[in-house]
Every structure is written in C-alpha cells, then in structure tokens.
Amino acid sequence: MDVKLKLPGVEVSGCWEPNNEERRAAWELYVELVTRVSVVPLREDEGLLREALSSLYSLFETTREILRQHGPDIAEPKRDGQYNFGYLAVAMLNYGVRPLLAHWHPALEDWEHRRPVDRSRRDHELAWPQSDQLRTALRDTRQLLTAYADLLATACGVPNLIAAIPTRE
C-alpha cells in the first residue's frame, strides 16, 4: 500500500506492506487514535485545552506499549526500503505530536499557574489570549493524525470508522 504523509519537518512517502504483527499493532494504534480528541473535533464550547493536550501526550505511552508488546517484528527491515509500523509510529509521535506538545504544553501551563482561585479552569482557559492559536494547532494536528488513522485502517483491512463522524466545527 502507498504511504504519503506530510509531517512538520519530514515527508513520509513510499510503500508499506504490513505483516500480520504490524496489522495487529496498527489496529491497536488505530483504536487509540479514533477514540481520542486526536481525530475527533473539539468544539470551542467543549472540553478543556489541557485535556486535549493530555490526551495527545498519552499517545506516547500507548504507542511505546504497542511497540514493546509486538516486538521487533513490527520494525523489521523491509525489501526495497519499504516502511514498517515501527518507523511510522515513531515518526507520528516525533514529527506529528511532539512539536505541538513541546510548544503548547509549557505555554498553557504558564497561563494555568496565573488562574485566580475564584475563576474556574474553563473560564480561565477561555480568557487565555492564545487559546484560538492552540485550537488551530490542535486542528492542524488532528488533520495529520486523521491521515495516520486512515493509513492504519487500510493496513488493518477495516473500514474507516471515523468517516461517519460528522464535523461539528
């Protein structure tokens, strides 16, 4: 199957023929992606930005666990320079998710520490001058992770489970 993903700082383009272990690992990561704010839109009147960042951060531990659980079979070198699940998963984290978190986690944390005791977390977040910028960055990352989810669904041989999710923005 053809792989074409444009990540910040790197383009992943080539071929991937997943083995059975890679398909199982792809299914596990696919389930994680399609059940998080990572690919489900977060409307302005919903949730907290902190929760969205925390959800994305938890993808690191989840992906590490999948990589450890499935072992080297999912990162085996392939013929003709084909990609493998291990490379694709690590690239997703390091080039797709990490830049967003590295920039926005400390910025939001600084703002959170300024919250007056009589203001709710939600109201304080809504008053943050950079909240719209973070929402835009989350939307951009969601598009990237949606492309990953599509790739993983194809690798698993399952229909796209997020195609039926209506956009609510």
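Let me sum up the structure you'll find in this document.

Calculation criteria
Residues numbered from 1 in each chain as written. Predicted model: local features only at pLDDT ≥ 70, side-chain atom pairs only at ≥ 80, totals over all residues. Heavy atoms only, no water. Salt bridge = Lys/Arg side-chain N within 4 Å of Asp/Glu carboxyl O. Buried < 20%, exposed > 50% of the residue type's maximum accessible area, 1.4 Å probe, protein only. Helix = DSSP H or I, 4+ residues; strand = E, 2+ residues; numbered from the N terminus. Phe/Tyr/Trp six-rings, centres within 6.5 Å; stacked < 30°, edge-to-face > 60°.

1. Notes on the pattern of salt bridges
Then, number 1: Tallying each qualifying case throughout the model produces ten salt bridges.
Then, number 2: One salt bridge connects arginine 68 with glutamate 61, and the closest N-O pair in it is separated by 2.9 Å.
Then, number 3: With a relative accessible area of 43%, glutamate 61 lands in the partly exposed category.
Then, number 4: The salt bridge involving arginine 68 is made with glutamate 65; its shortest N-O contact spans 3.3 Å. Placement of the pair is arginine 68 and glutamate 65 together in helix α2 (residues 49–70), with a separation of three residues, close to one helical turn.
Then, number 5: Each of the salt bridges in this network shares a partner with another, and the network as a whole consists of Glu61, Arg64, Glu65 and Arg68.

2. Concerning the packing of aromatic side chains
Then, number 1: Under the definition given, this model contains four aromatic pairs.
Then, number 2: On the basis of an interplanar angle of 40° and a centroid distance of 5.9 Å, the ring pair of tryptophan 27 and tyrosine 30 is categorised as tilted. Separated by three residues within a single helix, tryptophan 27 and tyrosine 30 lie in helix α1 (residues 20–34), roughly one turn from each other.
Then, number 3: Overall, the relative accessible area of 37% leaves tryptophan 27 in the partly exposed class.
Then, number 4: Owing to a relative accessible area of 0%, tyrosine 30 belongs among the buried residues under this scheme.

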